[in-house]
Amino acid sequence: MQYILKAPGLINTTIALPASKSISNRALMIQALAGGSIFPTNLSDCDDTRVIFDALRDMPEVIDIKAAGTAMRFMTAYLAVTEGRHVLTGTERMKHRPIGVLVDALRQLGAHIDYVGEEGFPPLRIEGRPLDGGYVEVPGDISSQFISALLMIGPVLKNGLELKMRDGIISRSYIDMTRFIMMSYGAEVDWTDIDTIRVEPKPYEERAFLIENDWSASSYWYEMLLLNNQPDSEIRLTGLADSSRQGDSSVRYIFSLLGIKTTFDEADEFTPTTITLKCNRRPLPKLEYNFVNSPDLAQTFVVGCALRGIPFRFTGLATLKIKETDRIEAMKREMRKLGYVIRSNDGNELEWDGQRCLADPEPVIDTYEDHRMAMAFAPAALCLPHLRINDPQVVSKSYPRFWEHLRQAGFQIEEG
């Protein structure tokens, strides 16, 4: 399938953002470890959350989490401490996403996990059983989902968990979000050093839990306002908290550098409310930013800055190579179609110095089974008439109503 996008002029809309996938997935796992009789409120309806929900409900012998990397990591740890025998598998791409660091750490804690195929990669055969826990070290410069998976099982380990992260820590904000949600369910978990977290062997308590909406999803609406040329355009986004634990809430600060103002409706800083976005565009000679704590925002800023003519240098992108696709290479390839030469000097950064190349006359964006490729490029239709996007259905991984919401905002979308 292919979508052809035609953007509106003025944008004036209120969008009910999806619930946070990151919070939903963590809350589901913790609730299952707590007993599983109370479900969180405002649970995400995206693919990634649905596969976790179905797996926890049905617990089949073979659990196929499809393309959900979060589910693969979280379920690996969960199954290791849950009585039963299971094979955990996914898509062909998932079978090439490394998981050895997590498996090694769980084995050190006593887990019984075997590789079905290639060493270090899914599928996994897991025989769950109670684990003693204790001390374990992992590299800190890996996906925070590995670390979160370990932390969440900490309270059910006989001796708790002491987790040391060496070689620096990336996506620390996601680790802190996991810690916050664990504490909301009664866990005792805290930093004991700059690189070490201790989880006490204190069982979770079942509690009601409200999931706020997704700051990551808001980034595409910020991008639309940046690329829209109508000064009276205004976008309102619901269900976001000022003091959110989501790492991607930093999106409002970064976009403020580009002239997008965020105003919160009256509420205390911890209560989800509606925000209003307005643009007071200002010239910026260059944007430099380290996305080590919010790498999922990088694609949005690559497209937005380039199309607005703002050179950039974005670092802290090491984890992008092991996402749904190699996002570093995918961004370079697709941006070249639009006439932008994006460089990656060490494979962990993306930089544009203003250099242009000959653009495809009718660019067609490939999405590589990656939801964020589709959503980051969709706002480009505000600058590129009749932009085409292949396999647009990939947005269901995190934002199933994305195209419906674009239509609500005035975009015309046709099937090609």
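Further up the page is the structure itself.
Being a predicted model, the structure only gives us computed values, none of them experimental. (Residues numbered from 1 in each chain as written. Predicted model: local features only at pLDDT ≥ 70, side-chain atom pairs only at ≥ 80, totals over all residues. Heavy atoms only, no water.)

> What's the story with the overall build of the protein in this structure? I'm lost.
Looking only at helices and strands, the protein features 12 helices and 19 strands. Here the protein has a C-alpha radius of gyration of 21 Å; the compact-globule value for 416 residues is 22 Å, and the two agree. Based on the C-alpha atoms only, the size of the protein along its principal axes is roughly 60 × 50 × 40 Å. Residues classed as buried in the protein amount to 59% of the 416 residues present. (Helix = DSSP H or I, 4+ residues; strand = E, 2+ residues; numbered from the N terminus. Rg over C-alpha atoms; globule rule 2.2 N^0.38 Å. Buried < 20%, exposed > 50% of the residue type's maximum accessible area, 1.4 Å probe, protein only.)

> Teacher, can you tell me more about the pairing of strand E10 (residues 196–199) here?
A regular strand carries its side chains on alternate faces of the sheet. Judged from the four bridges that link them, strand E8 (residues 161–166) and E10 form a sheet pairing that is antiparallel. The residue bridging Lys164 from the neighbouring strand is Thr196, located in E10. Alignment of strand E9 (residues 189–193) against E10, held across four bridges, turns out to be antiparallel. Opposite Val189, over in E10, you have Val199 as the bridge partner. (Pairing = 2+ DSSP bridges.)

> Would you mind showing me how to read empty space enclosed by the protein here?
Gaps left between atoms are located by rolling a probe of water-molecule size over the structure's atoms. Counted according to the given criterion, the structure contains four cavities of 30 Å³ or more. Lining the second largest cavity are Ala67, Thr91, Arg93, Met94, Arg97, Glu324 and Glu369. The residue makeup of the lining of the second largest cavity, split by class, is two nonpolar, one polar and four charged. (1 Å grid on protein atoms, 1.4 Å probe; cavity = no way out; pocket = protein on both sides within 12 Å on 5 of 7 lines; lining within 4 Å. Points joined across faces, edges and corners; volume = space filled by probe spheres on them. Nonpolar A, V, L, I, M, F, W, Y, C, P; charged D, E, K, R; others polar.)

> Is there a simple way to think about the sheet that holds strand E4 (residues 84–89) in this case?
Hydrogen bonding along the main chain pairs the strands of a sheet, whether they run parallel or antiparallel. Overall, mixed pairing links the four strands, which are arranged E3-E4-E6-E5 in an open sheet. For this open sheet the edge positions go to strand E3 (62–64) and strand E5 (112–115), each flanked by a neighbour on one side alone. Across the sheet, the mean angle separating the axes of adjacent strands is 25° when strand polarity is ignored. Two elements, E5 and strand E6 (residues 124–128), share four bridges in a ladder whose sense is antiparallel. (Axes fitted to C-alpha atoms, helices over the stretch in contact; angles between N-to-C directions.)

> For this particular structure, what's the right way to read the environment of Phe377?
Residue position: Phe377 is located in helix H11 (residues 371–377). Judged by relative accessible area, which is 0%, Phe377 ranks as buried. Between the C-alpha atoms of Phe377 and Ile365, which are 12 residues apart in sequence, the distance is 7.6 Å. Discounting chain neighbours no more than four positions away, the residues touching Phe377 are Val303, Met331, Glu334, Met335, Leu338, Ile365, Leu387 and Ile389. (Contact = heavy atoms within 4.5 Å.)

> Looking at this model, I keep getting lost on the packing of aromatic side chains. Mind explaining?
The way to describe two aromatic rings as a pair is by their centre distance and the angle between their planes. In total, this model carries 15 aromatic pairs according to the counting rule given. Ring centres 6.3 Å apart and planes at 55° place the aromatic pair Trp215 and Phe264 in the tilted group. Residue Trp215 is located in helix H7 (residues 215–227), and its partner Phe264 is located in strand E12 (residues 260–264); the two are separated by 49 residues in the primary sequence. Between the aromatic rings of Phe312 and Trp352, the centroid separation amounts to 6.3 Å while the plane-to-plane angle is 40°, which identifies the pairing as tilted. With Phe312 in strand E15 (residues 312–315) and Trp352 in strand E16 (residues 350–352), the pair connects residues that are 40 residues apart, well separated along the chain. Members of the aromatic cluster, each reached through a chain of ring pairs, are Tyr222, Phe255, Tyr289, Phe291, Phe301, Phe312, Phe314, Tyr340 and Trp352. A cation over a ring is seen here: Arg356 above Tyr340, with NZ or CZ 4.1 Å from the ring centre. Seen from the ring of Tyr3, Arg407 lies directly overhead, with NZ or CZ sitting 5.8 Å from the centre. (Phe/Tyr/Trp six-rings, centres within 6.5 Å; stacked < 30°, edge-to-face > 60°. Lys NZ or Arg CZ within 6 Å of the ring centre and 35° of its normal.)

> Please explain the side chain of Ser44 as it appears in this structure.
Here Ser44 shows up in the loop between helix H1 (21–34) and helix H2 (47–58). Of the residues examined, Ser44 reaches a relative accessible area of 7% and is grouped as buried. Within the structure, the side chain of Ser44 is placed 3.2 Å from the backbone nitrogen of Cys46, a separation counted as a polar contact. The contacts of Ser44, once residues within four sequence positions are left out, are Ala19, Ser20, Lys21, Ser24 and Thr49. (Polar contact = N/O pair within 3.5 Å; in protein donor to acceptor, adjacent residues only side chain to side chain.)

> How should the sheet that holds strand E2 (residues 12–15) be read in this particular structure?
The four strands are arranged E2-E11-E13-E12 in an open sheet whose pairing can be described as mixed. The two strands at the open ends of the sheet, each matched to only one other strand, are E2 and E12. The average angle at which neighbouring strand axes cross in this sheet is 20°, direction not considered. Pairing of E2 with strand E11 (residues 234–240), which is carried by four bridges, proceeds in the parallel orientation. Looking across to E11, one finds that Asn12 is bridged to Glu234.

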